[in-house]
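Observations on the three-dimensional arrangement
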Amino acid sequence: LVETLKHPLKLVRLVADSAAFQGWKTVDAGPVDSLYQASLKTKTGTVLDFGEHMTGYVTFTMKALRGTPDAPVRVKFTFGEVPAELATPFDPYTGDLSRAWLQDEVVTLTELPATLTIPRRLSFRYVKVDLLGASAFFDLHLTDISCRATTSVRTIPQPLAATTPPMLAKIDQIGLTTLKECMQTVYEDGPKRDRRLWIGDLYLESLANAVSYKNHDLTKRCLYLLAGLTGDDGYLNSNVFETPEPHPQRGAPFLFEYSLLYNVALKEYLVASGDRETALALWPLAKKQMENPVKRLLPNGLFDNVAKDKPYWWLFVDWKPELDRQASMQGIIIFSMQQTYDLAKLLGKENEVAQLPGLIKTMTDAARKQLLNPQTSLFMSGPSHQISYASQAWMVLSGVATRAEGQRALKAVASTKDAVRPGAPYLYHYYIEALLYCGLQQEAKEALTTYWSGMIAKGADTFWEVYDPTNDRLSPYKFFPVNSYCHAWSCTPVYFIRKYPDVFQR
Ligand code: RAM
C-alpha cells in the first residue's frame, strides 16, 4: 500500500438545510488552528474537514492547557463520509447491519500529553470531536490530528481528451477517487463498509481499473483469493475476507449470479493483461461454475428463479425488493455463458464447454418466445409480467434482443410509467452498458451524465452505494448513515468514459 499523511484543511459547521443532501450541509467555520489553540471544553462538537475522502489510520495529540491533569479525559470522534453522518443520531439504532459499522470511536486518555492512533481503519472526509468527560481542575486542547491514508494505486491515469465535456471530466475524476479509495489490498466494495472482496464489485472495479490505473496485479490477486477459498462443492463464495487469514463468509447464501460473473471478470482480466498463465490456471474453476445454470432450467427453457424445492440461492440483480428477477437472471446466465465461451476460445478450451452454445440457444429462444411482448416491444418478467429497467438491460446485454429490438425496449421502458427503476448504481452500470450495446450512444451519454452528476450536485466527492434521485435517505439496511458513500460499483463512469472516448470524450 502507498501511504500519504493528510491533515485537516479547515473547520466546518453542520447546517440543517432541506435543500442539501439528506438535509445537511457544511459551511466554513474557521482555520484548524482556532481549534488547536482553544480549550476543548469550549469547542466540543467541532467538525474538521480534511477536504477529500480518505481511507486510513487517524492519529491525534491531546495536551493540557492549564492546570494539572488529575483525571482521565474521554473524547468521542465521529467520522463521516457525508455531512449527515455527523448530524444524524446513531441511537436508537434501527439498521439491520451491525451498529459497529458506524464510525464513532470513544477514547479514554488516562494521562496527558497523549498521542494515540485509533486502531480501526477509518473512511471519511469529516470528523467531529466531542468531549465526553473532563475534570474541572484542568483544561486541555487537541493539538494535532492527521490521517495516514492508504491505497494500492501507484499510477496516474492518462488525461482525457481536451474535448471532454467538463461535467464528464468531473464525473471521471470523482469516479477515479472512488476507485482509488476502494483499491486497498483487495478491491473492497466500500472502505467504510463492508471492506471486503465481493465478486460483483471486483468485476466492475477491474473493468474501470483496466482503462485507468492498470493495476492488473491487484485483479490477479483477487481472482486467486476467491479461487483459493472456493467451497468443497467447487462453487465460488460471493465474498471473502483477507484477515486474520483468508476466509469466506461461511454460511452466507450462495449468490448465484456473482459466481457466474467471476468468469466474465476472468475473461476481461485476460484480455486486459494478456496473462494466459493465470487464465489457464483458473479455467477449471470457471468451467465448474457453468454446471449450475442447468440445475434450475425449466423444461420451457426459462431459469427457475423461484425454485421452491431447491436450496436457497440469492439472486441479487439490484437493491430493489419489488424487482422480479426472472428476466434479469435469464439474461445474466446467457451473458455469462457467452463470455465463458469466449474465454474458452481464447484459451483453446471450447471442447470442454461444448454444451454452452446449445444452452445459449435454448435459453435465448425461450426468452424471446415467453418474455418479449411484441405489442409493446418490452420484455416482461414473472407472473405479473413486470416491466423493469433490469429486465430490458439484461435482455439486451445477453443478445436475446436484436439491436433494433433492444433500442425499442430501452426507449419504451423510459416512457413506461410504472417501470421498476434501478435502485443502485450497480444496475445503472448495466443499463448504460445496454444502451451502448444496442447503439443508443447519445442516450447512454445523457443517462450517465444525468445520474452521476446528480450525486455531484448533492455534494459527492466519491460516488455512493445507493442513489435514488428522488429519495436521499434510501437505504437497503433500514438506516441511511450505514450506507457506503464511497462504493466500488459506483466508479464505473471511469470505465465508460475511457473505454468509449468517441461517445464520452467529445
Ligand atoms: C452489499 C455490498 C456489496 C454488494 C453486495 C451484494 O453488501 O454493497 O457491494 O456486492 O451487497
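Basis of the calculations
Residues numbered from 1 in each chain as written. Predicted model: local features only at pLDDT ≥ 70, side-chain atom pairs only at ≥ 80, totals over all residues. Heavy atoms only, no water. Helix = DSSP H or I, 4+ residues; strand = E, 2+ residues; numbered from the N terminus. Buried < 20%, exposed > 50% of the residue type's maximum accessible area, 1.4 Å probe, protein only. Contact = heavy atoms within 4.5 Å. Areas by Shrake-Rupley, 256 points an atom, 1.4 Å probe, with all protein chains shown as cover. Phe/Tyr/Trp six-rings, centres within 6.5 Å; stacked < 30°, edge-to-face > 60°. Expected span 1.5 Å × (residues − 1). Bend = angle between axes of the 7 residues up to and from the residue. Near = heavy atom within 4 Å. Polar contact = N/O pair within 3.5 Å; in protein donor to acceptor, adjacent residues only side chain to side chain. Pairing = 2+ DSSP bridges.

**A few points about the overall build of the protein chain**
- What the protein chain contains, in helices and strands, is 15 helices and 16 strands.
- The buried share of the protein chain, taken over its 506 residues, is 59%.
- By sequence separation, contacts in the protein chain at least 24 residues apart represent 76% of the contacts at least 6 residues apart.
- Carbon and sulfur atoms make up 53% of the accessible area of the protein chain, which amounts to about 20300 Å² in all.

**Observations concerning the packing of aromatic side chains**
- For the structure shown, the criterion picks out 37 aromatic pairs.
- Summarising the aromatic geometry, the rings of tyrosine 93 and phenylalanine 479 are spaced 5.2 Å apart at their centres and angled 80 degrees between planes, so their arrangement reads as edge-to-face. Here tyrosine 93 is found in the loop between α2 (84–87) and β6 (104–109), whereas its partner phenylalanine 479 is found in the loop between α13 (441–457) and α14 (493–499), with 386 residues between them in sequence.

**Let's talk about helix α7 (residues 276–289)**
- Here α7 is 14 residues long and its end C-alpha atoms lie 19 Å apart, about the 20 Å a rise of 1.5 Å per residue gives.
- If you look at α7, its biggest bend is around 45 degrees, right at leucine 282, and the proline proline 284 turns up within four residues after that.
- Within α7, the full set of buried residues consists of Thr278, Ala279, Leu282, Trp283, Leu285, Ala286 and Gln289.
- Lining the buried residues of α7 we find α5 (216–228), α6 (256–273) and α8 (326–347).

**Examining the site of the ligand**
- Near the ligand the following residues occur: Asp189, Arg193, Asp194, Trp198, Asp201, Tyr258, Trp314, Trp319, Glu465, Tyr477, His487 and Trp489.
- At 2.5 Å from an oxygen atom of the ligand is found a side-chain nitrogen or oxygen belonging to aspartate 201.
- A distance of 2.8 Å separates an oxygen atom of the ligand from a polar atom in the side chain of tyrosine 258.
- When the free accessible area of the ligand is taken as 290 Å², the share hidden by the protein chains comes to 96%.

**A look at unusual backbone geometry**
- Residue proline 92 is reached from aspartate 91 by a cis peptide bond, and omega for that bond is -5 degrees.
- Along the chain, the position of proline 92 falls in the loop between α2 and β6.
- The amide bond that connects leucine 112 to the next residue, proline 113, takes the cis arrangement and shows omega of -5 degrees.
- Within the fold, proline 113 resides in the loop between β6 and β7 (114–117).
- The backbone of lysine 214 sits at a positive phi, close to 55 degrees, despite the residue not being glycine.
- With respect to the helices and strands, lysine 214 occurs in the loop between α4 (199–210) and α5.
- The backbone of serine 377 shows a phi angle near 70 degrees, a positive value even though the residue is not glycine.
- Mapped onto the elements, serine 377 comes out in the loop between β15 (372–373) and β16 (378–379).

**Topic: the sheet that holds strand β10 (residues 197–198)**
- Here we have three strands laid out as an open sheet, ordered β10-β11-β12, and antiparallel in their pairing. In this open sheet, the two strands that pair with only one neighbour each are β10 and β12 (247–248).
- Relative to strand β11 (residues 239–241), β10 runs antiparallel, the two being bridged by two bridges. From the neighbouring strand, tryptophan 198 faces β11, where its bridge partner is asparagine 239.

All quantities given are derived from atomic positions and should not be read as evidence of function.
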